[in-house]
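# Understanding the architecture of this molecule
Residue strings, one per chain:
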Amino acid sequence: MPNPIQPNLVLRVAGKMLIPIILMFALYVQFHGETGPGGGFQAGVIFTSAFILYALVFGIGPARAVATDRVLRVLAAFGVLLYIGVGIASLLSGGNFLDYDVLGENAIEGQHLGIFLIELGVGFTVASVMIIIFFAFAERGARP
Amino acid sequence: MISHHLPILQVIVPLLAAPLCLLLYDRFLSWCISLFASGIAFLIAALLLHQTLHTGVISYELGGWAAPWGIEYRVDIVNAFVLLIVTAISSTIIVFAKESVAQEIYAERIPLFYAVYMLFLCGLLGVTVTGDVFNLFVFMEISALSSYTLIAISEDRRALTASYQYLFLGTIGASFILISIGLLYSMTGTLNMQDLARRLPAVSGNRTVESAFAFLTVGISIKLALVPLHLWLPNAYTYAPSVVSAFIASTATKVAFYVLLRFMFSVLGVTLSFQSMLLSGIFLALGIAAIFVGSTAAIFQDNIKRMLAYSSIAQIGYMVLGVSFATVTGLTAALLHLFNHALIKAALFLALGCIFYRFGSASMNQIYGIGRRMPWTMTAFVIGGLSLIGVPLTVGFISKWYLVLAAMEAGMWLVAAAILAASLLTVVYIWRVVEAAWFKVPVQSPTANTGEVPLSMLLPTWALIIANRYFGIDTSLTVGVAPQAAEWLLGITG
């Protein structure tokens with residue numbers, strides 16, 4: 001396992017302060033995607049950047065304790081399934097694929113719900129795939 | 001009700017299977033899912049072809065947005081035909097894959113392999129089914145990125161550089177296509193194919209449209225591996241796992257060829273492509289060059305997989321040659337060869353996959369005398385080879401017949417002679433394999449494990465071989481559909 005950066009007080013304190021804020025910002029971008037700039041893709045990447053910062057400062061070991069291969073794989077697949085699931089739900093409700101209008105009681109509510117779920121799916125998959133890519137590079141040579 | 005949604009189901013069935021493979025992460029289950037999804041996709045494709053033949057064009061609006069604004073999926077005879085062959089080949093190869101993949105790919109990567117395979121299939125089907133040029137680009141990238149992965153997943157480390165090379169050229173091709181789509185959009189303000197075809201004549205002769213045309217032709221030619229842009233292909237096919245070589249060789253270039261037809265005929269129109277931009281001359285020269293460069297290079301290969309790869313380059317030449325005539329017969333020949341070559345190459349690569357399964361290599365001196373030890377495999381290879389040459393009663397004959405016919409119709413006797421001469425080159429390289437397998441003295445193999453391969457590999461191979469013979473004798477499906485599709489592309493029928 002590669003060593004983390006030498007324990008550096010400034011990095012550790014600054015990291016601890018920044019990481020929760022970055023995570024909060026990611027969630028903000030995620031949930032305001034339909035009204036402001038942003039959305040699932042951007043949110044996923046911002047979320048991952050907090051994760052990478054953590055792994056750089058505190059080491060890969062502790063980061064891995066949260067994000068095992070299995071968890072990441074399930075989350076990545078879940079995001080795509082959520083996306084397709086919304087599409088299939090609209091098929092089953094009598095609309096065309098990804099026609100959000102039929103998902104809610106009226107068209108506006110349906111559009112809100114549809115885009116919210118779609119973006120959530122994108123966010124899950126982008127964040128977990130980005131973390132997988134980060135680990136794939138960070139752990140090179142460390143695993144057989 | 002469900003029949004209304006068939007165009008989208010065609011794409012989302014494999015798309016749904018991919019994350020399921022990842023989620024379950026089990027070798028056997030992911031194989032089952034892929035087989036099931038591919039089978040369903042084949043069924044959908046057959047239904048779509050049936051519908052288009054009887055009721056005409058099917059249009060589907062994604063998300064309920066009307067056509068020029070939203071994404072439209074549009075199935076006519078041409079793409080229904082391509083969908084059918086892609087899904088048929090995919091289903092056959094999945095059956096074959098179970099044993100072959102277990103041998104050629106690290107065990108822990110096998111579920112990933114099936115997930116990526118499904119994404120690749122989804123990308124190909126998406127490219128074929130869509131009626132929106134940007135959507136086409138996105139699906140093209142899905143299929144391209146998954147094909148890079150499929151090649152790199154091999155245990156052979158040389159596959160990594162081959163995949164990297166392919167990634168480089170593939171990305172350049174994709175960028176060119178995207179630039180072209182951007183230019184077309186800037187001129188017309190639309191991405192819908194139908195709408196583009198309507199608006200483009202008004203701005204014809206414009207430099208922007210002409211450069212869009214140039215970018216598009218070069219971009220697709222890279223994806224298609226048309227000589228002289230074929231350099232990524234031999235390594236990619238040689239070092240990929242056998243199943244992947246078979247699948248990519250028989251579908252990816254075919255779908256790229258479909259994209260070429262779709263853009264040149266349905267979007268840009270015959271007038272622009274063939275009258276003001278002189279595509280005929282370019283494609284005639286490049287097609288003949290591809291046929292001779294590919295066939296000649298194939299003769300000198302010691303690795304049979306590489307030999308088949310070069311042969312694929314030559315076959316792409318035949319298809320492009322068919323397009324260059326821009327006549328119904330020429331296009332019929334091109335479409336027939338698209339279908340037939342998919343059958344031929346899949347069969348040959350699967351037979352080769354059987355050899356690889358036993359010997360772990362596909363070099364010419366490995367197979368000395370194996371005709372006696374693996375009679376079924378080698379007989380399959382020989383019949384596939386005959387079909388590639390174009391011997392009567394095989395599919396190869398049908399497409400070459402139409403191609404020669406088209407050349408004669410256009411009054412190009414030299415081209416017709418060249419097609420026949422190139423068949424002789426095919427005889428030479430197929431004969432080298434036949435000679436090695438049946439007439440050379442076997443090398444004493446250190447392993448006794450050299451019998452016939454498992455039935456689950458022989459059956460799909462033979463299914464394709466029988467298809468090669470069947471469609472060479474009963475041509476009611478192919479010769480029934482291809483001329484209609486050709487007329488549709490040229491805008492002759494209503």
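Here the residue numbering is sequential within each chain, running from 1 through the sequence in written order. Here chains are named by letter from A upward and ligands by number from 1 upward, in the order in which they appear as written. For this predicted model, a pLDDT threshold of at least 70 governs which residues receive local features, and a threshold of 80 or more governs which side-chain atom pairs are given and counted, while totals over whole chains, interfaces and linings are taken from all residues.

### Some words on the overall build of chain B
Under the convention used in this document: Where helices and strands are cited, they refer to DSSP runs of H or I of at least four residues and of E of at least two residues respectively, numbered from the N terminus. Only C-alpha atoms enter the radius of gyration; for comparison, a globular chain is expected to reach 2.2 Å times N to the power 0.38, where N is the number of residues. Here the contact rule is simple: place C-beta atoms from the backbone, and any two residues whose C-beta atoms are within 7 Å are in contact.
Helix and strand content of chain B: 20 helices and two strands. A compact globule built from 494 residues should have a C-alpha radius of gyration of about 23 Å, and chain B, at 21 Å, falls within 12% of that. For chain B, the C-alpha atoms occupy an extent of roughly 70 × 55 × 40 Å along the three principal directions. Expressed as a percentage of contacts within chain B between residues at least 6 apart in sequence, the contacts between residues at least 24 apart total 78%.

### Things to note about the overall build of chain A
Formally: With C-beta atoms placed from the backbone, a residue is labelled by how many other C-beta atoms lie within 10 Å of its own: buried for 20 or more, exposed for 12 or fewer, partly exposed between the two.
Helix and strand counts for chain A stand at five helices and zero strands. When the helices and strands of chain A are listed from N to C terminus, the series reads α-α-α-α-α. At 18 Å, chain A has a C-alpha radius of gyration far larger than the 15 Å of a compact globule built from 144 residues. The buried share among the 144 residues of chain A stands at 34%. Taking the contacts inside chain A whose residues are at least 6 apart along the sequence as the reference set, 63% of them involve residues at least 24 apart.

### Points about the packing of helix H17 (residues 395–409) of chain B against helix H19 (residues 455–473) of chain B
Residue and element names in this part refer to chain B. Applied cut-off: Axis lines are fitted through C-alpha atoms, for helices just across the contact stretch, and the angle between N-to-C directions can take any value from 0 to 180 degrees. Working definition: roughly parallel below 35 degrees, roughly antiparallel above 145 degrees, roughly perpendicular at 65 to 115 degrees, and oblique for all remaining angles. Each residue is assigned to one of three groups, with Ala, Val, Leu, Ile, Met, Phe, Trp, Tyr, Cys and Pro labelled nonpolar, Asp, Glu, Lys and Arg labelled charged, and all others, Gly among them, labelled polar.
Orientation of H17 relative to H19, taken along the N-to-C sense of each, is 45 degrees, at an axis distance of 7 Å. In this view, H17 runs oblique relative to H19, as classed from their interaxial angle. Facing Val395, Phe397 and Ile398 of H17, the residues of H19 in contact are Asn468, Phe471 and Gly472. Split into classes, the residues belonging to the contact of H17 with H19 amount to four nonpolar, two polar and no charged.

### Considering the packing of helix H3 (residues 77–104) of chain B against helix H4 (residues 110–129) of chain B
Relative orientation and spacing of two packed helices are given, respectively, by the angle between their axes and the distance between those axes. All names here are of chain B. Two numbers describe how H3 lies on H4: the axes approach to 10 Å, and their chain directions differ by 170 degrees. With respect to H4, the axis of H3 lies roughly antiparallel. Across the interface between the two elements, Asn79, Val82, Leu83, Val86, Ser90 and Val101 of H3 pack against Ile110, Phe113, Leu121, Leu124, Leu125, Thr128 and Val129 of H4. Tallied by class, residues from the contact of H3 with H4 come to ten nonpolar, three polar and no charged.

### Digging into the interface of chain B and chain A
Tallying the contact residues gives 14 residues for chain B and 15 residues for chain A. Elements with a minimum of two residues in the side of chain B that touches chain A: helix H1 (6–24) and strand S1 (58–61) of chain B. A per-element tally of the side of chain B that touches chain A places H1 of chain B first, with seven residues. The residue makeup of the side of chain B that touches chain A, split by class, is ten nonpolar, three polar and one charged.

### Some details on the domain arrangement of chain B
For an interface, size is often stated in terms of accessible area lost upon the parts coming together. All names here are of chain B. What counts, and what does not: Each domain's limits were defined by an automated method or a database of domain assignments.
For chain B, the domain assignment lists domain 1 (1–275) and domain 2 (278–494). A separation of 22 Å is found between the C-alpha centroids of domain 1 and domain 2. Between domain 1 and domain 2, the contact holds 40 residues from the first and 44 residues from the second. Those elements that provide at least two residues to the side of domain 1 that touches domain 2 are H3, helix H9 (233–239), helix H10 (242–267) and helix H11 (269–276).

### Here we look at the environment of Asp101 of chain A
Relative to the assigned elements, Asp101 of chain A resides in the loop between helix H4 (69–92) and helix H5 (107–138). Considered as a pair, Asp101 of chain A and Ile21 of chain A are 80 residues apart in the sequence and their alpha carbons are 35 Å apart. Residues within four places of Asp101 of chain A in sequence aside, it is in contact with Gly95, Ala107, Gly110 and Gln111 of chain A together with Gly64 of chain B.

### Some points on the nonpolar core
Residue and element names in this part refer to chain B. The criterion, for reference: By convention the nonpolar core is taken to be a set of buried residues drawn from Ala, Val, Leu, Ile, Met, Phe, Trp, Tyr and Cys and joined through C-beta atoms within 7 Å.
Of all hydrophobic cores here, the largest spans 231 residues; its most connected members are Phe81, Met118, Ile151, Leu335, Leu343, Ala346 and Ala347. Among the elements that take part in this core, helix H14 (residues 328–359) stands out by supplying 21 residues, more than any other. Split by domain, the residues of this core number at least three in each of domain 1 (1–275) and domain 2 (278–494). Setting aside residues no more than four positions away along its own chain, Phe81 makes contact with Leu49, Leu335, Phe339, Val481 and Ala485.

### Side note on the environment of Cys32 of chain B
Structurally, Cys32 of chain B can be placed in helix H2 (residues 27–55). Taking C-alpha positions, Cys32 of chain B is 9.5 Å from Lys98 of chain B, a pair spaced 66 residues apart along the chain.

### Notes on unusual backbone geometry
Most of the time, phi is negative for any residue but glycine, and the peptide bond is trans. For the peptide bond that leads from Val227 of chain B to Pro228 of chain B, omega is 5 degrees, which places it in the cis range. One non-glycine residue, Leu98 of chain A, lies in the positive phi region at around 65 degrees. Along the chain, Leu98 of chain A turns up in the loop between H4 and H5. Its identity is not glycine, yet Tyr25 of chain B carries a phi of approximately 50 degrees, on the positive side.

### Here's the deal with the environment of Ile33 of chain B
All names here are of chain B. Among the secondary structure elements, Ile33 is positioned in helix H2. When the C-alpha atoms of Ile33 and Ala18 are compared, they prove to be 8.7 Å apart, with 15 residues separating the residues in sequence. Among all residues touching Ile33, those that are not within four sequence positions of it are Ala17, Leu20 and Cys21.

### Details of H11 of chain B
Residue and element names in this part refer to chain B. Which entries qualify depends on this criterion: Relevant arc is that of directions from the helix axis to the C-beta atoms, nothing else.
Within the sequence span of H11, burial applies to Leu272, Ser273 and Phe274. Looking straight down H11, one finds that the buried residues subtend no more than 160 degrees of arc, so they occupy a single side. Those residues of H11 that are exposed and angled more than 90 degrees off the buried face are Thr271 and Gln275. Turning to H11, the residues buried within the fold contact helix H8 (207–224), H10 and helix H12 (279–299).

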